[in-house]
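Given next are the chains, with one letter for each unit.
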Amino acid sequence: MSLKHMSLKGWLSFGLLILGSGAVWADDQSSDCENPYEHFVFSWPIDHSCGKHTRGGTTVGAPVVESELPHSGWLSLQESGLSDFDKDRRAILAMAGGYKVTFDFLEVVGFSDDFARDKPYHSWGTEYVYVVEDTPNFISLQHVMVMKFLQENGEESEPFVMKHWRQDWTYQAKEMLVYDQSNDWHKVKIPKNQRKGAWVQSVYQVDDSPRYASYGYWQHNPSFSSWISQTTARPLPRRESSVRSDYDVLEGFNRHTISRFGWTQEEENWKKVNSGETGESSYLSKEIGIARYRAITDYDFSLGDQYMSSAGQFWADVRAVWNELISNNKSISLNARVDGLPLFVPLFGYAEKLVGSDSYDSASGKAFARATIESYLAQ
């Protein structure tokens with residue numbers, strides 16, 4: 001079944017399954033059970049008990065072919081005579097393209113006597129990263145999943161397409177929108193002496209609502225280019241919020257590194273429990289994580305192209321509504337659900353109706369986006 005002919009009910013059910021669980025799909029997780037954590041070597045102390053496999057994807061993805069040649073984004077960084085600013089821009093743009101993405105997260109230490117380590121998280125999928133805006137001081141990258149599964153008969157499924165997260169990069173910004181807690185975000189001024197040469201990375205959810213933001217500086221050398229954020233708070237990711245409720249906020253930093261065959265996003269996070277009656281917050285544990293974006297070849301991302309061609313302007317209008325709200329308010333507070341549904345469901349449903357269509361009325365789409373988003377704003 002193609003995306004174009006998939007029913008809205010079926011498509012949204014698939015979206016709730018994937019986005020609600022945080023799962024994409026998994027490699028074979030079979031084990032001889034001598035040490036099911038043997039490839040997660042950072043954990044201390046290692047739990048050698050049998051029967052504890054990684055959590056994450058529950059379906060099997062179709063095989064992909066990793067590129068054996070350096071990708072074009074990396075090659076553009078190797079040109080001579082580039083200024084530091086040009087290198088920064090090219091490093092950000094180098095994240096665009098088609099990738100196999102693996103997600104690995106592991107709790108490495110707990111901070112309470114009764115702490116019980118969760119299973120390591122592992123999943124992988126295929127994504128195309130599109131450049132949706134590119135001006136000298138601003139770049140916006142939209143991640144879109146284009147995913148095939150191996151069915152019981154061994155054949156590959158038709159691709160499933162789903163809009164994923166977005167990352168915006170702003171050069172020498174004066175302020176940014178940061179996460180507080182309980183679906184609240186507020187603007188923070190960036191110190192004037194920290195702005196020179198800095199890039200703010202702002203990360204957004206699948207419905208284009210804010211997630212987290214921080215600033216940092218690109219560093220370039222012949223082997224790689226890397227950017228590291230300041231410490232920032234962020235909401236629980238779906239891989240956690242769908243299965244856990246024992247902490248409230250992730251607090252940490254992330255590093256983006258561009259290399260010959262793709263790029264990585266490393267995370268170092270502390271799981272924070274908000275202050276109670278004592279007024280003092282505490283930390284449950286620390287995790288490390290890495291998402292590896294490995295360039296692939298001979299993979300058909302055309303349905304992702306079709307989705308962006310058909311629904312891309314609607315999502316541009318959604319971004320415009322969000323930008324207006326953020327620009328006109330010092331803070332943003334959201335309700336997680338309205339009528340039992342998260343915000344992405346009505347927005348995804350509207351976008352899905354546009355797939356395969358040659359006509360889109362921007363005024364109507366923007367009005368729908370505004371009314372829908374405003375209905376989720378907490379008073």
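Just so it is clear, the model here is predicted, and its values are computed rather than measured.

K.L.:
How should the packing of aromatic side chains be read in this particular structure?
P.N.:
Aromatic rings in a pair are described by how distant their centres are and how their planes are angled relative to each other. Scanning the model with the defined rule gives 22 aromatic pairs in all. Grouped by ring-pair contacts, the aromatic residues Phe-314, Trp-315, Phe-344, Phe-348, Tyr-350, Tyr-360 and Phe-368 constitute a single cluster. Positioned above the aromatic ring of Tyr-212 is the side chain of Arg-234, whose terminal nitrogen or guanidinium carbon lies 4.0 Å from the ring centre. Taking the ring centre of Phe-105 as reference, the NZ or CZ of Arg-239 above it sits at 3.5 Å.

K.L.:
Got a minute to help me understand the side chain of Glu-107 in this structure?
P.N.:
With respect to the helices and strands, Glu-107 occurs in strand E3 (residues 97-110). Looking at Glu-107, its side chain comes within polar contact range of the side chain of Lys-271, at 3.0 Å. Within the structure, Glu-107 has its side chain in polar contact with the side chain of Ser-285 (distance 2.9 Å).

K.L.:
How should I be thinking about the sheet that holds strand E8 (residues 184-189) in this particular structure?
P.N.:
What the three strands build is an open sheet, ordered E7-E8-E16; its pairing is antiparallel. Because the sheet does not close on itself, it has two edges, and the strands there are strand E7 (175-179) and strand E16 (331-333). Here the average twist between neighbouring strands, direction ignored, is 20°. Relative to the sheet, helix H6 (residues 302-328) contacts E7, E8 and E16, its axis offset from that of E16 by approximately 125°.

K.L.:
How should empty space enclosed by the protein be read in this particular structure?
P.N.:
Unoccupied space between atoms shows up once a probe the size of one water molecule is rolled over them. Following the criterion strictly, the structure yields two cavities of 30 Å³ or more and no others. Computed from the structure, the largest cavity encloses a volume of approximately 60 Å³. In terms of lining residues, the largest cavity is bounded by 13 residues, among which Arg-55, Phe-105, Lys-119, Lys-271 and Glu-287 are the most central. For the lining of the largest cavity, the secondary structure elements donating two or more residues are E3 and helix H5 (238-241). Of the residues forming the lining of the largest cavity, the biggest block, three residues, is contributed by E3. Tallied by class, residues from the lining of the largest cavity come to four nonpolar, no polar and nine charged.

K.L.:
Explain the packing of H6 against helix H7 (residues 344-354) here, please?
P.N.:
In a packed pair of helices, the relevant descriptors are the angle between the two axes and the axis-to-axis distance. Relative orientation of the contacting elements H6 and H7 amounts to 140°, with a least axis distance of 8 Å. Here H6 is positioned oblique relative to H7, judged by the angle of their axes. In terms of crossing hand, the pair formed by H6 and H7 is right-handed. Seen from H6, the contacting residues are Tyr-307, Ser-310, Ala-311, Phe-314, Trp-315 and Val-318; seen from H7, they are Leu-347, Phe-348, Tyr-350, Ala-351 and Leu-354.

K.L.:
Quick question: what am I supposed to make of H7 here?
P.N.:
Two residues of an α-helix separated by three or four positions point the same way, owing to the 3.6 residues in each turn. Extensive coverage of H7 is indicated by the burial of eight of its 11 residues. Within H7, the full set of buried residues consists of Phe-344, Val-345, Leu-347, Phe-348, Gly-349, Ala-351, Glu-352 and Leu-354. Looking one or two residues beyond H7, the residue adopting positive phi is Gly-356, at roughly 85°.

K.L.:
Just checking my understanding: could you explain the confidence of the model for the protein for this structure?
P.N.:
Any segment with low pLDDT has predicted coordinates that should not be analysed in fine detail. With 84% of its residues at a pLDDT of 70 or more, the protein has an overall mean of 87. Note that pLDDT drops below 50 for residues 26-33; the model gives that stretch 17 contacts with residues more than four away or on any other chain.

Criteria and cut-off values
Residues numbered from 1 in each chain as written. Predicted model: local features only at pLDDT ≥ 70, side-chain atom pairs only at ≥ 80, totals over all residues. Heavy atoms only, no water. Phe/Tyr/Trp six-rings, centres within 6.5 Å; stacked < 30°, edge-to-face > 60°. Lys NZ or Arg CZ within 6 Å of the ring centre and 35° of its normal. Helix = DSSP H or I, 4+ residues; strand = E, 2+ residues; numbered from the N terminus. Polar contact = N/O pair within 3.5 Å; in protein donor to acceptor, adjacent residues only side chain to side chain. Pairing = 2+ DSSP bridges. Axes fitted to C-alpha atoms, helices over the stretch in contact; angles between N-to-C directions. Contact = heavy atoms within 4.5 Å. 1 Å grid on protein atoms, 1.4 Å probe; cavity = no way out; pocket = protein on both sides within 12 Å on 5 of 7 lines; lining within 4 Å. Points joined across faces, edges and corners; volume = space filled by probe spheres on them. Nonpolar A, V, L, I, M, F, W, Y, C, P; charged D, E, K, R; others polar. Parallel < 35°, antiparallel > 145°, perpendicular 65-115°, else oblique. Left-handed = near helix turned anticlockwise from the far one by under 90°. Buried < 20%, exposed > 50% of the residue type's maximum accessible area, 1.4 Å probe, protein only. pLDDT = per-residue confidence, 0-100.

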